[in-house]
Protein chains: 2
Amino acid sequence: MGIAERRERQKAEIRELILDAAREIVGKEGLEGLTIRKIADAIEYAPGTIYLHFENRDAIARELVVSGFMELVGYMAPAAQESDPLKRLDAIGYAYAKFGIERPETYRTIFLQPPAISSALMELLKGEGEGTDDGRGPGEQAFNILAETVAELIDRGIFRPGNPVVIAETIWAWLHGIVALRVSCSEEMLTDFSASIHYAIEGVRRAFAR
Amino acid sequence: MGIAERRERQKAEIRELILDAAREIVGKEGLEGLTIRKIADAIEYAPGTIYLHFENRDAIARELVVSGFMELVGYMAPAAQESDPLKRLDAIGYAYAKFGIERPETYRTIFLQPPAISSALMELLKGEGEGTDDGRGPGEQAFNILAETVAELIDRGIFRPGNPVVIAETIWAWLHGIVALRVSCSEEMLTDFSASIHYAIEGVRRAFAR
DNA sequence: GTCTATAGGCTGATAGAC
DNA sequence: GTCTATCAGCCTATAGAC
């Protein structure tokens, strides 16, 4: 059975090869620039070979999005460990910004897509909780880290009363806005990223604190 | 010369016909879904005819983006008239949100594009000030309404001291984030838009006020 | 398991008839 | 000015040789 295992391993290797090549292409040209032929060229296989490892182009794109969300969850996980909710809120903000700036193309892949893709994508974000702690998708998981922190801040009377989900969404929007502008706009147009993030994170506290 | 004038008028009419059809297609399928053939089908002309009115596909896309920015400036113009800077700031925020929610596809066209398009697009945003008041592009024009308001608020001691451009950018990011999430996410995922905008606009004041 | 070859469909853009 | 016809190029996906 050593043979069967080696085969499994080799198959998984090519899968990863395909996904890595796909990530690079999407990084440069966006998800809509991803084609089977470009992947095949990059890994130096024939186009048809790709279909032995993935059902079709969309399956590859889907895989990329899911792994992108996992990456985001990975960035946010350390922040979630912080026990003081106010410090945790700050840490979440900085972790999110860090993800956006270190992995701009991943950010674009999961959050900045045309209408048709976006809607299909948001389904992934919610359902499909395979291998997760609680049956929720990775996107919802990441959001809940924020929402629960806001809820705790309200409970403790540190934040003014309000709907924690709406407030969390509003905070998320601020972070998203700053990262999205960075990712979309040319460098010279924008000024100071870290100042902007800093303003926003301090601003969130001032905006919602009691 | 009445004949020449009629010809001019007819030509302009078809131009508008093409642009309207293009807007509808982009609304449904995004800028990358725009093709010459789809436009031709929609206006019931042959594909080749389009090329008598526009140099190529990109020229049409560019025109769409420019007119989209003009629309945004149109939404913001009334807000810019408000003399009280604090009220003006609120009005700008609401006008921006209104634009995003009433014209989501225009919003997407001008602000949510893949990397290659985005960078080319941002050039338009800055330069090319044909027919504008002061030689600046329509994007910069819209931004300056906000930046100048922030500067005035700092000067009057209503806002804490700081770089008005960075602060304006941070405020813009918040609005952009809220609108962008609306435009990208499925309805059921998100909660209350007007509450979110309200939080943000009040939050901005609390975040930057002295 | 990987290749070559190919079907069938989309694209932008152009040439030439009318 | 508008048409039809067409080229050349890309795409996804599949069939069949090896």
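Residues numbered from 1 in each chain as written. Chains lettered and ligands numbered in written order. Predicted model: local features only at pLDDT ≥ 70, side-chain atom pairs only at ≥ 80, totals over all residues. Heavy atoms only, no water.

Colleague: Hey, could you run me through the nonpolar core in this one?
Modeller: One recurring pattern in soluble globular proteins: nonpolar side chains tend to sit buried together. Among the nonpolar cores identified, the biggest contains 92 residues, and A:L72, A:Y96, A:I171, B:L72, B:Y96 and B:I171 are the most heavily contacted of them. Non-local contacts of B:Y96, meaning those with residues more than four positions away in its chain, are made with B:L72, B:M76, B:Y107, B:F111, B:W172, B:L175, B:H176 and B:V179. (Core = buried A, V, L, I, M, F, W, Y, C linked by side-chain atoms within 4.5 Å. Buried < 20%, exposed > 50% of the residue type's maximum accessible area, 1.4 Å probe, protein only. Contact = heavy atoms within 4.5 Å.)

Colleague: Sorry if this is basic, but what is going on with the layout of surface pockets here?
Modeller: Here the largest pocket defines a volume of roughly 320 Å³. Taken together, 21 residues form the lining of the largest pocket, with A:G139, A:E140, A:F143, A:W172 and B:M189 sitting closest to its centre. With 6 residues, the top contributor of residues to the lining of the largest pocket is helix α8 (residues 138–155) of chain A. Residues of the lining of the largest pocket, tallied by class, amount to 15 nonpolar, 3 polar and 3 charged. (1 Å grid on protein atoms, 1.4 Å probe; cavity = no way out; pocket = protein on both sides within 12 Å on 5 of 7 lines; lining within 4 Å. Points joined across faces, edges and corners; volume = space filled by probe spheres on them. Helix = DSSP H or I, 4+ residues; strand = E, 2+ residues; numbered from the N terminus. Nonpolar A, V, L, I, M, F, W, Y, C, P; charged D, E, K, R; others polar.)

Colleague: How do you make sense of the protein's contact with DNA strand D when you look at a structure like this?
Modeller: Neighbouring residues of DNA strand D: 15 residues in total, closest A:R37, A:Y51, B:A46, B:T49 and B:L52. The contact in question runs from a phosphate oxygen of DNA strand D to an N or O atom on the side chain of A:Y51, over 2.9 Å. Within the side chain of B:T49, an N or O atom sits 2.7 Å from a phosphate oxygen of DNA strand D. The element that contributes the greatest number of residues to the surface near DNA strand D is helix α2 (residues 36–43) of chain A, accounting for 3 residues. (Near = heavy atom within 4 Å. Polar contact = N/O pair within 3.5 Å; in protein donor to acceptor, adjacent residues only side chain to side chain.)

Colleague: Help me understand the side chain of A:T149 in this model?
Modeller: Residue and element names in this part refer to chain A. Mapped onto the elements, T149 comes out in helix α8. Using a relative accessible area of 0% as the deciding quantity, one classes T149 as buried. For T149, the side chain forms a polar contact with the main-chain oxygen of I145, separated by 2.8 Å.

Colleague: Any chance you could explain empty space enclosed by the protein here in plain terms?
Modeller: Which parts of space are left empty comes out when a probe the size of a water molecule is rolled across the atoms. The tally for this structure, following the rule as stated, stands at 6 cavities of 30 Å³ or more. Size it by volume and the largest cavity reaches roughly 160 Å³. A:L112, A:Q113, A:P114, B:Q113 and B:P114 are the residues nearest the centre of the largest cavity, which is lined by 17 residues in total. For the lining of the largest cavity, the leading source of residues is helix α6 (residues 104–111) of chain A, giving 3 residues. Looking at the second largest cavity, its volume works out to about 140 Å³. Lining the second largest cavity are 13 residues; nearest its centre among them are B:L72, B:Y96, B:A142, B:F143 and B:W172. Elements with a minimum of two residues in the lining of the second largest cavity: α4 (57–81), α5 (85–102), α8 (138–155) and α9 (164–184) of chain B.

Colleague: I keep staring at the relation of the copies chain A and chain B and nothing clicks. Help me out?
Modeller: One copy of the chain maps onto the other through a rotation about an axis followed by a shift along the same axis. The operation relating chain A to chain B is a screw motion whose rotation component is 180°, with 0.0 Å of axial translation and a residual RMSD of 0.1 Å. Overall, the copies show the geometry of a two-fold rotation axis. Identified as the residue of chain A closest to the rotation axis by C-alpha distance is A:G177, at 1.8 Å. (Least-squares fit on C-alpha atoms with pLDDT ≥ 70 in both.)

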